[in-house]
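Breakdown of the fold
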Amino acid sequence: MAETWSGEFYCVKCKEKREAEGEVKVNDKGTRMAKAVCPVCGTNLNRILGKA
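Residues numbered from 1 in each chain as written. Predicted model: local features only at pLDDT ≥ 70, side-chain atom pairs only at ≥ 80, totals over all residues. Heavy atoms only, no water.

For Glu-19, the position within the fold is in strand E2 (residues 16–26). Residue Glu-19 is classed as exposed on the basis of its relative accessible area, which comes to 57%. Residues Glu-19 and Glu-8, spaced eleven residues apart in sequence, show a C-alpha to C-alpha distance of 4.6 Å. Excluding residues that lie within four positions of it along the chain, Glu-19 makes contacts with Gly-7, Glu-8 and Pro-39. (Helix = DSSP H or I, 4+ residues; strand = E, 2+ residues; numbered from the N terminus. Buried < 20%, exposed > 50% of the residue type's maximum accessible area, 1.4 Å probe, protein only. Contact = heavy atoms within 4.5 Å.)

Okay, here's the thing in structure tokens:
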């Protein structure tokens, strides 16, 4: 089961903070990132959560 994170993401297209729930992934450097979709415009959202 994949880890999920729910909270505020910043939408670059809307230029506003949005509440969303996204899947947590670890990039090559070991940084945890939550990825979601903006509920208003459908743009991909990213939130950096820190080191794994």
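Applying the stated criterion across every chain yields a total of one aromatic pair. Pairing Trp-5 with Phe-9 gives two aromatic rings, centres 5.5 Å apart and planes at 85°, and the pair type is edge-to-face. Judged by relative accessible area, which is 23%, Trp-5 ranks as partly exposed. (Phe/Tyr/Trp six-rings, centres within 6.5 Å; stacked < 30°, edge-to-face > 60°.)

A complete count under the given rule lists three salt bridges for this structure. Linking Lys-17 and Glu-8 is a salt bridge whose minimum nitrogen-to-oxygen distance equals 4.0 Å. Under the relative-accessibility criterion, Glu-8 is labelled partly exposed at 35%. (Salt bridge = Lys/Arg side-chain N within 4 Å of Asp/Glu carboxyl O.)

One open sheet holds the four strands; their spatial order is E1-E2-E3-E4, and the pairing between them is antiparallel. Strand pairing shows two members of the sheet lacking a second neighbour, strand E1 (4–11) and strand E4 (44–51), which therefore form its edges. Geometrically, the sheet is characterised by an average inter-axis angle of 40° between neighbouring strands, direction not taken into account. With eight bridges connecting them, E1 and E2 associate as antiparallel partners. When the bridges of E2 are listed, Ser-6 appears paired with Glu-21. (Pairing = 2+ DSSP bridges. Axes fitted to C-alpha atoms, helices over the stretch in contact; angles between N-to-C directions.)

Okay, the pairing of strand E3 (residues 31–37) next. Within E3, five of the seven residues are buried, which leaves the element mostly enclosed by the surrounding structure. Sheet topology places E2 next to E3; four bridges connect them, and they run antiparallel. Counted as the bridge partner of Glu-23 is Lys-35 from E3. The turn linking E2 back onto E3 is made up of four residues, and Gly-30 within it adopts a positive phi angle of 90°. Bridge count between E3 and E4: seven bridges; the pairing is antiparallel. Residue Lys-35 lies in a different strand from E4, and its bridge partner there is Asn-46.

In short, shape yes, function no, at least from these values alone.
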